Amino acid sequence: EVQLVQSGGGLVQPGGSQRLSCAASGFNVSFNYMTWVRQAPGKGLEWVSVIYYDGRTYYADSVKGRFTVSRDISKNTLYLQMSSLRVDDTAVYYCASPPISVDGVIDEYWGQGTLVTVSS
Amino acid sequence: HSALTQPPSASGTPGQRVTISCSGSSSNIGSHGVNWYQQLPGTAPKLLIYGGNQRPSGVPDRFSGSKSGTSASLAISGLRSEDEAEYYCAAWDDSLIGLFGGGTKLTVL
């Protein structure tokens, strides 16, 4: 079964740091690419970051220089290290796979989402 | 980088065909395939269309995607009450970042 299980998140003070994890099963996080997407309360989806199969990373302007995406292939886990957090970083964060074929089923898989609240 | 542009709302009656538009530029929609997502309240987005007009397994053929130049559209035929949701378009940009539209809330009257 293909699954993305997220952990981390919670309340953090402005200027603080937090790391989100996204553990994959049923496929390899090193395949093609993996993305992070966030959604502020009551708002739309915002693309955050991508890490490609070869390790290249790209970021939205809003998080560039503050967030770092990485992966541990041995643990088949994706990470998002967030630093210098601001109030407007408050959002539900999702990790997502690209459309992939597993046992003949084509789909894109998303984590369950984790809420990060930046507040004093 | 500007987000893709979608109408904030759309509506239709059961059985009707509705379309949702998504406008971008030559560096994103004009150069790359468009994905469409459905999001129900409190849940993760669900992929409806990828690469412009491909449906993941299990997505009914009532949902279809198309593109013309720097704009794309999602069409839903045979509208059902359970289609009431928020819909988002997404595309990669030539700069290798991702872009989402602002979302369209679909109401089934």
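Residues numbered from 1 in each chain as written. Chains lettered and ligands numbered in written order. Predicted model: local features only at pLDDT ≥ 70, side-chain atom pairs only at ≥ 80, totals over all residues. Heavy atoms only, no water.

Q: Teacher, can you tell me more about the overall build of chain A here?
A: Along chain A, the regular secondary structure elements total 0 helices and 12 strands. Helices and strands in chain A line up, N terminus first, as β-β-β-β-β-β-β-β-β-β-β-β. A compact globule built from 120 residues should have a C-alpha radius of gyration of about 14 Å, and chain A, at 14 Å, falls within 12% of that. Across its three principal directions, the C-alpha atoms of chain A cover 45 × 30 × 25 Å. (Helix = DSSP H or I, 4+ residues; strand = E, 2+ residues; numbered from the N terminus. Rg over C-alpha atoms; globule rule 2.2 N^0.38 Å.)

Q: Honestly, the sheet that holds strand S8 (residues 77-82) of chain A in this entry has me stumped. Any pointers?
A: By definition, the strands of a sheet pair up through backbone hydrogen bonds, in either a parallel or an antiparallel sense. Residue and element names in this part refer to chain A. Ordered by their spatial adjacency, 4 strands build an open sheet running S1-S3-S8-S7, and the pairing between neighbours is antiparallel. Taken across any chain shown, the strands that pair with only one partner, and hence form the sheet edges, are strand S1 (3-7) and strand S7 (67-72). Recorded for the sheet is a direction-independent mean angle of 20° between the axes of neighbouring strands. Judged from the 6 bridges that link them, strand S3 (residues 18-25) and S8 form a sheet pairing that is antiparallel. Looking across to S8, one finds that cysteine 22 is bridged to leucine 78. (Pairing = 2+ DSSP bridges. Axes fitted to C-alpha atoms, helices over the stretch in contact; angles between N-to-C directions.)

Q: I'm lost on the interface of chain A and chain B in this one. Help?
A: Accessible area lost upon the coming together of the parts is a frequently used measure of interface size. At the interface, 24 residues of chain A touch 21 residues of chain B. Summed over both sides, the interface between chain A and chain B buries roughly 1700 Å², with carbon and sulfur atoms accounting for 62% of that surface. The three residues of chain A that bury the most area against chain B are Leu45, Trp47 and Ile106 of chain A, which together make up 33% of that side's buried surface. At the surface where chain A touches chain B, the tally comes to 0 salt bridges. Where the side of chain A that touches chain B is concerned, the elements lending two or more residues are strand S4 (33-39), strand S5 (45-52), strand S6 (57-59) and strand S11 (105-107) of chain A. (Contact = heavy atoms within 4.5 Å. Buried area = accessible area lost by both parts, 1.4 Å probe. Salt bridge = Lys/Arg side-chain N within 4 Å of Asp/Glu carboxyl O.)

Q: So what exactly am I meant to see when it comes to the pattern of salt bridges here?
A: For side chains of opposite charge, pairing can occur when their charged atoms come near one another. All names here are of chain A. In this structure the tally under the stated criterion is 8 salt bridges over all chains. Across the salt bridge formed by glutamate 46 and arginine 38, the nearest N and O atoms sit 2.7 Å from each other. Residue glutamate 46 is classed as partly exposed on the basis of its relative accessible area, which comes to 30%. With a shortest N-O distance of 2.7 Å, arginine 66 and aspartate 89 are connected by a salt bridge. With arginine 66 in the loop between S6 and S7 and aspartate 89 in the loop between S8 and strand S9 (91-96), this residue pair connects regions lying 23 residues apart in the sequence. Each member of the pair arginine 66 and aspartate 89 is classed as buried. Connected through shared salt-bridge partners, Arg38, Glu46, Arg66 and Asp89 make up one network. (Buried < 20%, exposed > 50% of the residue type's maximum accessible area, 1.4 Å probe, protein only.)

Q: Please clarify how the pairing of strand S9 (residues 104-108) of chain B should be interpreted in this entry.
A: Side-chain positions along a regular strand alternate between the two faces of the sheet. Residue and element names in this part refer to chain B. Only one face of S9 is buried: it carries Thr104, Leu106 and Val108, and the other face, with Lys105 and Thr107, is open. Pairing analysis gives 4 bridges linking strand S1 (residues 9-12) to S9, with the strands arranged parallel. Directly across from glycine 12, in S9, lies its bridge partner valine 108. Summarising the sheet, strand S7 (residues 85-92) and S9 pair through 3 bridges and their orientation is antiparallel.

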